[in-house]
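Next come the chains, spelled out residue by residue.
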Amino acid sequence: MLVAEILKDKGDAVYAIGPELTLGEACGELDRLRVGALMVCNNDKVVGVLSERDVVKAVARDGQTALNQPVSTFMTAEVVFAAPGETVAILMGRMTDRRIRHLPVLRDGRLAGVISIGDVVKCQIAEATQEAESLRTYIAAG
């Protein structure tokens, strides 16, 4: 399955914040939206990703004072992207190698959506279920 197909099914909603938002405010957004990561955008450009892991590292290093500092201090600035034409297998490899759980998708240089590890797992389960059903049908017909 391709990234474009996953986005077609799940939608292209992207939750983004600005780099000047405080870490505390960003935590409030993560909680309110019930997501594990937020894209950090400056105008229309993705400049980072703030994940739950980034928040934990920030608090572990700086304690409560981290919550009053800007997101730009703690976000992951080396953003790894996905493209609509890439396969789930490619994404799985990239996510595993880089130990990341969220990939923003760029289409024509613009943010088109976000693929999470949950989306990838859901896709893999659906494909395995479909394959198993096809095999059952083939065996029953034989």
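Check the entry above for the structure.
With that settled, consider the environment of Glu 127. Within the secondary structure layout, Glu 127 lies in helix α5 (residues 117–141). A residue is classified by how much of its surface remains accessible, and Glu 127, at 31% relative accessible area, is partly exposed. Expressed as a C-alpha distance, the spacing of Glu 127 and Ala 77, which sit 50 residues apart in the sequence, is 33 Å.

In this section: the sheet that holds strand β2 (residues 37–42). Read across the sheet, three strands follow the order β1-β2-β3 without closing on themselves; strand pairing throughout is mixed. A single partner strand is all that each edge strand has here, and the edge strands are β1 (16–17) and β3 (45–51). Note that β2 and β3 share six bridges and pair antiparallel. In the strand pairing of β3, Ala 37 is matched with Ser 51.

The next point concerns the state of the cysteines. Following the criterion strictly, the structure yields zero disulfides and no others. For the unlinked cysteine Cys 41, the closest cysteine sulfur is that of Cys 27, found at 18 Å.

Moving on, we get to the pairing of strand β4 (residues 102–107). In the sheet, β4 pairs with strand β5 (residues 110–116) via six bridges, with the strands oriented antiparallel. Across the sheet, residue His 102 finds its bridge partner in β5, namely Ser 116. Adjacent in sequence and paired antiparallel, β4 and β5 are bridged by two residues, among which Asp 108 carries a positive phi angle near 55°.

Let us now look at helix α2 (residues 23–33). Among all positions in α2, only Leu 23, Ala 26, Leu 30 and Leu 33 are buried. Angular distribution of buried residues about the axis of α2 spans 95°; they occupy a single face of the element. Among the exposed residues of α2, those oriented more than 90 degrees off its buried face are Asp 31 and Arg 32. In the core, the buried residues of α2 are packed alongside β1, β2, β3 and α3 (52–62). A positive phi of about 55° marks Arg 34, the residue just after α2.

There is a patch of like negative charges on the surface, built from Glu 5, Asp 9, Glu 127 and Glu 131. Among the elements of the structure, α1 (3–10) and α5 are those that each provide at least two residues to the negative patch. Turning to its location among the elements, Glu 5 is positioned in helix α1. For Glu 5, a relative accessible area of 38% corresponds to the partly exposed category.

Conventions and cut-offs
Residues numbered from 1 in each chain as written. Predicted model: local features only at pLDDT ≥ 70, side-chain atom pairs only at ≥ 80, totals over all residues. Heavy atoms only, no water. Helix = DSSP H or I, 4+ residues; strand = E, 2+ residues; numbered from the N terminus. Buried < 20%, exposed > 50% of the residue type's maximum accessible area, 1.4 Å probe, protein only. Pairing = 2+ DSSP bridges. Disulfide = S-S within 2.5 Å. Arc of directions from axis to C-beta. Contact = heavy atoms within 4.5 Å. Patch = residues over 30% accessible without salt bridge, like charges linked within 9 Å, V, L, I, M, F, W, Y side chains within 5 Å. Areas by Shrake-Rupley, 256 points an atom, 1.4 Å probe, with all protein chains shown as cover. Salt bridge = Lys/Arg side-chain N within 4 Å of Asp/Glu carboxyl O. Lys, Arg positive; Asp, Glu negative; His and termini not counted. Charge placed at Lys NZ, Arg CZ, Asp CG, Glu CD.

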